[in-house]
Amino acid sequence: ATRSDARPTLARSRPTLSSPRPPRRAAARVECSHLEHGNMRQPTSTSRRTALASALCGALLSAPQAAITGPVSAAEQLPAASLAAELLALIPSMEFGAPATNATVPPALARKIEARAAAVERQAARDNAKDPRLSDSWRLIYSNGREITNLATGLPLGFVLGKTYQPVDVQTGRFENQGLVEHRLGLARASTLVIGDVRLAPPGTLNAAGTRNERGNRVDVDFRRLTFGLDAVLGKPLETPLRKVVVTRQNPDAAQPANDVTYLDATCRITRGGDDALFIFVRERGNRPMLSLEEREALFAEGGAAITTGSGDADLQKGAPPELKALLREERRDRVEPI
């Protein structure tokens, strides 16, 4: 299916990635193989050829190493924004607007997307967590994270994951993960909602993957509530949507949940989860506004089934609702590693 929303024109531009290699210098090396850099023999008046070889060899041996070994890849030489645009152009539109995942696109394409994302990240700026552009509504278009992969591949009874948004407001400390769940035949529409707190992470902290916060790109997050709702039946919105609320509590012995904003511009955001999972977003506003501070407090007062996160799947299975068990089950295929 074709995605209804158009990607920015910039994202479809594909700069040329090829560049000529520098000329090889093997022949010159043959001429000066008997010379040592920094202790070259002086040419005699009877050997012009040796003199020329000595001069050429000295120039080659004193040149910067990069000039001898060749340039970095052409892709690495592109500006970060151009690399990001190419990255967005690689990601296909999925049915119902769902995010693409390493489990729903061909493995070769997943490797290419994740390798290009890593190239963008290598050119990323510092202090992205303090950038005011972070506070906005973002739509997820690719991930290899377990929760997203499970939703994209394993919903029962003809339900499929649709568009997934993440509104963020660092100033007020709020974020949400909003997942739309559609039925292939239009019989019903459901949703998942994660409500949480967000704040700047202290410098030098370690996440669950052991990565240190050295660039000022990390935000700490606390998950407060998880809801599953049935919003419409046969195309008609329910006057009072059916909703199940899960109270999430972080295991005090587990690592602080955190996200690293490894790239950020006016169109694109790349984030790494605490387990180094990849999330690629585009700036886009969904139809569901983020809960206000008052609405959040009212939801928190409702209570619900309690579950401790960060304790591992074995503990999770003891008392979790079936929806949460499906969401956090073990992956059925290995994550594609970047090439």
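Everything below is about the structure printed above this text.
Counting its secondary structure elements, the protein chain contains 10 helices and 11 strands. Among the 339 residues that make up the protein chain, the fraction classed as buried is 44%. At a minimum sequence separation of 6, the contacts of the protein chain that also span at least 24 residues come to 69%. Carbon and sulfur atoms form 55% of the exposed surface of the protein chain, whose accessible area is close to 18,300 Å².

With that out of the way, let us pick up a nonpolar patch on the surface. A grouping of L185, L187, V233 and L234 is seen on the molecular surface, where their side chains present a nonpolar patch of about 400 Å² in accessible area. When you line up the elements, V233 lands in strand β6 (residues 218-233).

With the rule as written, the count across this model stands at 13 salt bridges. R285 serves as the salt-bridge partner of D136, at 3.0 Å between the closest nitrogen and oxygen. Of this pair, D136 sits in the loop between α6 (107-122) and β2 (137-143) while R285 sits in the loop between β10 (278-283) and α8 (293-302); the two residues are 149 residues apart in sequence, bridging distant segments of the chain. Note on R285: relative accessible area 63%, which makes it exposed. R224 serves as the salt-bridge partner of D197, at 2.9 Å between the closest nitrogen and oxygen. Taken together, the positions of D197 in strand β5 (residues 188-200) and R224 in strand β6 put the pair 27 residues apart, joining distant regions of the chain.

What follows concerns the environment of G97. The residue G97 is located in the loop between α5 (80-90) and β1 (100-101) in this model. For G97, a relative accessible area of 7% gives the class buried. Linking G97 and L180, residues 83 residues apart in sequence, is a C-alpha distance of 9.4 Å. Once you skip the residues sitting within four places of it in the chain, G97 turns out to touch R139, G162 and K163.

Here the focus is the environment of G196. If you trace the backbone, G196 turns up in strand β5. Judged by its relative accessible area of 0%, G196 is buried. Measuring from C-alpha to C-alpha, the distance between G196 and V168 comes to 9.8 Å, with 28 residues separating the pair along the chain. Beyond its immediate stretch of four places on either side in the chain, G196 contacts G173, R174, F175, D222, F223, R224 and R296.

As for its placement among the helices and strands, R139 is situated in strand β2. Within polar-contact distance, the side chain of R139 engages the backbone oxygen of G97 at 3.0 Å.

With that settled, the discussion passes to the packing of aromatic side chains. Using the criterion set out here, one finds one aromatic pair in the structure. Between F175 and F223, the ring centres sit 6.0 Å apart and the planes meet at 75°, which makes this aromatic pair edge-to-face. You can see F175 sitting in strand β4 (residues 174-183) and its partner F223 sitting in strand β6, a full 48 residues away along the chain. Across from the ring centre of F300, 4.1 Å away, lies the NZ or CZ of R224, which sits over that ring. A cation sits over an aromatic face here: R269 above F281, 4.1 Å from the ring centre.

Here the focus is unusual backbone geometry. One non-glycine residue, L157, adopts positive backbone phi at about 60°. Position of L157 relative to the elements: it lies in the loop between α7 (146-153) and β3 (159-169). On the basis of relative accessible area, L157 is assigned to the exposed category, the value being 72%. Here the phi dihedral of L234 falls at roughly 55°; this positive angle occurs in a residue that is not glycine. Relative to the helices and strands, L234 resides in the loop between β6 and β7 (236-250). Given the relative accessible area of 62%, L234 is considered exposed.

Core analysis: the biggest nonpolar cluster contains 28 residues, and Y142, Y263, I270 and I280 have the highest contact counts within it. Of all elements in the fold, only α5, α6, β2, β9 (268-272) and β10 reach the threshold of two or more residues within this core. Top element by residues in this core is α5. It accounts for six residues. In terms of nonpolar packing, the next biggest core, distinct from the first, is built from 15 residues, V168, V198, V221 and A277 among them.

Calculation notes
- Residues numbered from 1 in each chain as written.
- Predicted model: local features only at pLDDT ≥ 70, side-chain atom pairs only at ≥ 80, totals over all residues.
- Heavy atoms only, no water.
- Helix = DSSP H or I, 4+ residues; strand = E, 2+ residues; numbered from the N terminus.
- Buried < 20%, exposed > 50% of the residue type's maximum accessible area, 1.4 Å probe, protein only.
- Contact = heavy atoms within 4.5 Å.
- Areas by Shrake-Rupley, 256 points an atom, 1.4 Å probe, with all protein chains shown as cover.
- Patch = residues over 30% accessible without salt bridge, like charges linked within 9 Å, V, L, I, M, F, W, Y side chains within 5 Å.
- Salt bridge = Lys/Arg side-chain N within 4 Å of Asp/Glu carboxyl O.
- Polar contact = N/O pair within 3.5 Å; in protein donor to acceptor, adjacent residues only side chain to side chain.
- Phe/Tyr/Trp six-rings, centres within 6.5 Å; stacked < 30°, edge-to-face > 60°.
- Lys NZ or Arg CZ within 6 Å of the ring centre and 35° of its normal.
- Core = buried A, V, L, I, M, F, W, Y, C linked by side-chain atoms within 4.5 Å.

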